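Close look at the chain arrangement
The primary structure of each chain is shown beneath.
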Amino acid sequence: MNERLHSVLAQRDVSPESLAEVCEVDAKTVSRWLSGRVPHPRHRFRAAQHLRVEETFLWPVAKSRTGQSGVGVGIELVGTYQNRASVPRDVWLSLLQGAQEQIDVLVFSGTFFAQSNPYVAKMLTERAAAGVRVRLCFGDPRGQAAAIRGREEGIGNTLAAKIRASLTYYRPLLPEAGCEVRLHDTTLYNSLFRYDDNLLVNPHIWGQPASANPLFHLKRAQSNGWFDNYAQSFDAVWASARPWNPDQEERAAHGQD
């Protein structure tokens, strides 16, 4: 599957049928491109021009066939989005449903993750039942990192309240084998959403909510590349995070702990 072409079509809001018209080919031909077939050079040129991207970004394998290297810095970059809010809901759903080995999420509150998909807990439970390891890491509402981030965004203690509200969606996951929720108290430079070898990275810009910041989609293509660096940062934060205990958190929120 050509995930880069899928992603760019979604970003540009161009349908496969529309691209077929531009390239003067049958719609089934574009379907084959999306499935991984490399188009004829003139079609690659016209499609890339219409979608406003580099031809070698969409079809790096074609570059290697001409004797040039198709591997290099940025080869893991599948696509980019102007902000997290512009990522189509179908992208989130398809990645979650398609995960076969692991799902890792690193956020402060991740409110949108549940609000945009009210069945997220059920879907995560189903993936865990199928053998997928699910690790969710939220900001510690009592931690210094969340307090600092709240002040930087100009929302004060609201971030801590958002974290507590978001966590309520995931309480049903705690008894499930293969699911674990932890709380971190670390500076978060980016939110991470990993689904096997796909990783959505949401960089944080000082003073702005994560939803307003860019997002890029990585696909693991080589060891020690961009993907692995971000994946290792998740593991480092996860190792220092503490297990979420809802009852203890509720007592602390009411000043009983």
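Presented here is an overview of the structure given in this document. Not measured: the values here are computed from a predicted model.

**Some points on the overall build of the protein chain**
The number of helices and strands found in the protein chain is 13 helices and eight strands. Summarising its shape, the C-alpha atoms of the protein chain cover approximately 70 × 40 × 35 Å along the three principal directions. Counting every position in the protein chain, which comprises 257 residues, the buried fraction comes to 47%. Sequence-distant contacts in the protein chain: of pairs separated by 6 or more residues, those separated by 24 or more amount to 70%. Within the structure as shown, the protein chain displays about 13,100 Å² of accessible surface, and the carbon and sulfur contribution to it stands at 49%.

**Here's the deal with empty space enclosed by the protein**
Rolling a probe over the atoms, with the probe sized like a water molecule, indicates the empty space that remains. Evaluation of the coordinates by the stated rule reveals two cavities of 30 Å³ or more. Roughly 70 Å³ of volume is contained in the largest cavity. Around the largest cavity, the lining residues are Arg 89, Trp 92, Leu 93, Leu 96, Phe 113, Ser 116, Asn 117 and Val 120. In terms of residues, the lining of the largest cavity owes the most to one element, helix α7 (residues 89–98), which gives four residues. In the lining of the largest cavity, the residues fall into five nonpolar, two polar and one charged.

**Examining unusual backbone geometry**
For Asp 13, which is not glycine, the phi dihedral falls at a positive 55°. Take Asp 13: it is sitting in the loop between α1 (3–12) and α2 (16–23). Taking relative accessible area as the criterion, Asp 13 reaches 71% and is therefore assigned exposed. Backbone geometry at Arg 52 places phi at a positive 60°, although glycine is not the residue there.

**Comments concerning the environment of Asp 104**
Summarising the element assignment, Asp 104 is placed in strand β2 (residues 102–106). The class for Asp 104 is buried, based on a relative accessible area of 3%. For the pair Asp 104 and Phe 216, spaced 112 residues apart in sequence, the C-alpha to C-alpha distance is 16 Å. For Asp 104, the residues in contact, after removing those within four places along its chain, are Arg 135, Leu 192, Phe 193, Arg 194 and Phe 234. Of note is the side chain of Asp 104, whose polar atom sits 2.8 Å from the side chain of Gln 102. Side-chain polar atoms of Asp 104 contact the side chain of Arg 135, separated by 3.0 Å.

Parameters at a glance
Residue positions are given per chain, counting from 1 as you read along its sequence in written order. Per-residue local features are limited, in this predicted model, to residues with pLDDT of at least 70; the limit for side-chain atom pairs, both in listing and counting, is 80 or more; totals at the level of whole chains, interfaces and linings are taken over all residues. Heavy atoms from the whole structure form the basis of all side-chain values; hydrogens and water molecules are not counted. Runs of E in the DSSP output that reach at least two residues are strands. Runs of H or I that reach at least four are helices, and both are numbered from the N terminus. Burial here depends on accessible area, computed with a 1.4 Å probe over protein chains only, as a share of the maximum for the residue type. Under 20% is buried, over 50% is exposed, and the range in between is partly exposed. Whether two residues are in contact is decided by their heavy atoms, any of which lying within 4.5 Å being enough. Accessible surface area values rest on a Shrake-Rupley calculation with a 1.4 Å probe, where residue burial reflects the displayed protein chains alone. With a 1 Å grid laid over protein atoms only, a set of points is called a cavity when a 1.4 Å probe fits there but cannot get out and a pocket when it is open yet has protein on both sides within 12 Å along at least five of seven lines; lining residues have an atom within 4 Å of a point. Grid points are joined across faces, edges and corners, and a volume is the space filled by probe spheres set on the points. In this classification, Asp, Glu, Lys and Arg are treated as charged, Ala, Val, Leu, Ile, Met, Phe, Trp, Tyr, Cys and Pro as nonpolar, and every other residue, Gly included, as polar. Between N or O atoms, a polar contact is any pair within 3.5 Å; within protein, one atom must be a potential hydrogen donor and the other a potential acceptor, and residues adjacent in sequence are included only when both atoms are from side chains.

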